[in-house]
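Letter by letter, the chains look like this.
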Amino acid sequence: MTPLVIRSHPFVLAELALREPADDEWSLDVAVRESPTVTPVIDDVATCGPFTGAVVSVARDGGKIRMRIVGGAGRLATRVATRYQGGPSTLVQTLADLATEAGETLPTGAAVDLPTWRVHGGSYRVETRRLAAVLGLGWRVTPSGAVDVSAPRSPAGTPPGNPLA
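Residues numbered from 1 in each chain as written. Predicted model: local features only at pLDDT ≥ 70, side-chain atom pairs only at ≥ 80, totals over all residues. Heavy atoms only, no water.

Following the criterion strictly, the structure yields one aromatic pair and no others. Seen from their ring centres, W26 and F51 are 5.0 Å apart, and the 75° between their planes marks the pair as edge-to-face. Linking W26 in the loop between β2 (9–19) and β3 (27–33) with F51 in strand β5 (residues 51–61), this pair joins segments that are 25 residues apart in sequence. F51 shares its class with W26; the two are buried. (Phe/Tyr/Trp six-rings, centres within 6.5 Å; stacked < 30°, edge-to-face > 60°. Helix = DSSP H or I, 4+ residues; strand = E, 2+ residues; numbered from the N terminus. Buried < 20%, exposed > 50% of the residue type's maximum accessible area, 1.4 Å probe, protein only.)

Here's what the structure looks like:
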């Protein structure tokens, strides 16, 4: 079993469901067994393997502690101000400005110049999605929690099976 570190205490995972969509933040639904010897103190940040994210919900459920962890600081839904950005700028700088305003982890991105850009005042998620779409790029939240706008990831392969059945 993989340990989940919650304020430096190892817990045994009872359930784990990782969702890593191609164009959005990853999420981790976790259930850990409660320990009679350790009282859990759950921070705003949790780490499981290479994934570090924000704990957005916690609930006790029959001897288990259930948590939902999302990539980054959990602030992709934060609205950003409407503005016109005169050029020249870069994709990374524009994303960094949006991330700072939303309170998110600083992003990474492709080396793309932006002559001008209009931020429409949507959420950080919506503005990132729009930027990526206009530039023909994909976006996701990396396991470390940073928004990455770059070449689209390859779609998942088709599982083996009998195509004639």
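Its location among the elements puts A111 in the loop between β9 (108–109) and β10 (113–114). Between the alpha carbons of A111 and T90 there is a distance of 7.2 Å; along the sequence they are 21 residues apart.

In this model, the chain carries a mean pLDDT of 79, and residues with pLDDT of at least 70 account for 77%. Across the chain, element-level confidence peaks in helix α2 (residues 124–135) with a mean pLDDT of 91 and bottoms out in strand β1 (residues 3–6) with 54. (pLDDT = per-residue confidence, 0-100.)

Bringing the sheet that holds β9 into the picture now. Taking strand neighbours across the sheet as the criterion, the three strands line up as β9-β13-β12 in an open arrangement whose pairing is mixed. Here the strands that pair on one side only, and so sit at the sheet edges, are β9 and β12 (138–141). Here two bridges tie β9 to strand β13 (residues 147–150), and the two strands are oriented parallel to one another. Within β13, the position partnered with T108 by the bridge is D148. The strands touched by α2 are β12 and β13; relative to β12, the strand with the most contacts, the crossing angle is about 150°. (Pairing = 2+ DSSP bridges. Contact = heavy atoms within 4.5 Å. Axes fitted to C-alpha atoms, helices over the stretch in contact; angles between N-to-C directions.)

Right, let's get into the pairing of β12. Of the two faces of β12, the one lined by G138 and R140 and the one lined by W139 and V141 are each fully buried. Across four bridges, the pairing between β12 and β13 is antiparallel. Pairing of R140 across the sheet is with D148, part of β13. Hairpin connection, β12 to β13: the antiparallel pair is bridged by five residues, and G145 has positive phi, about 105°.

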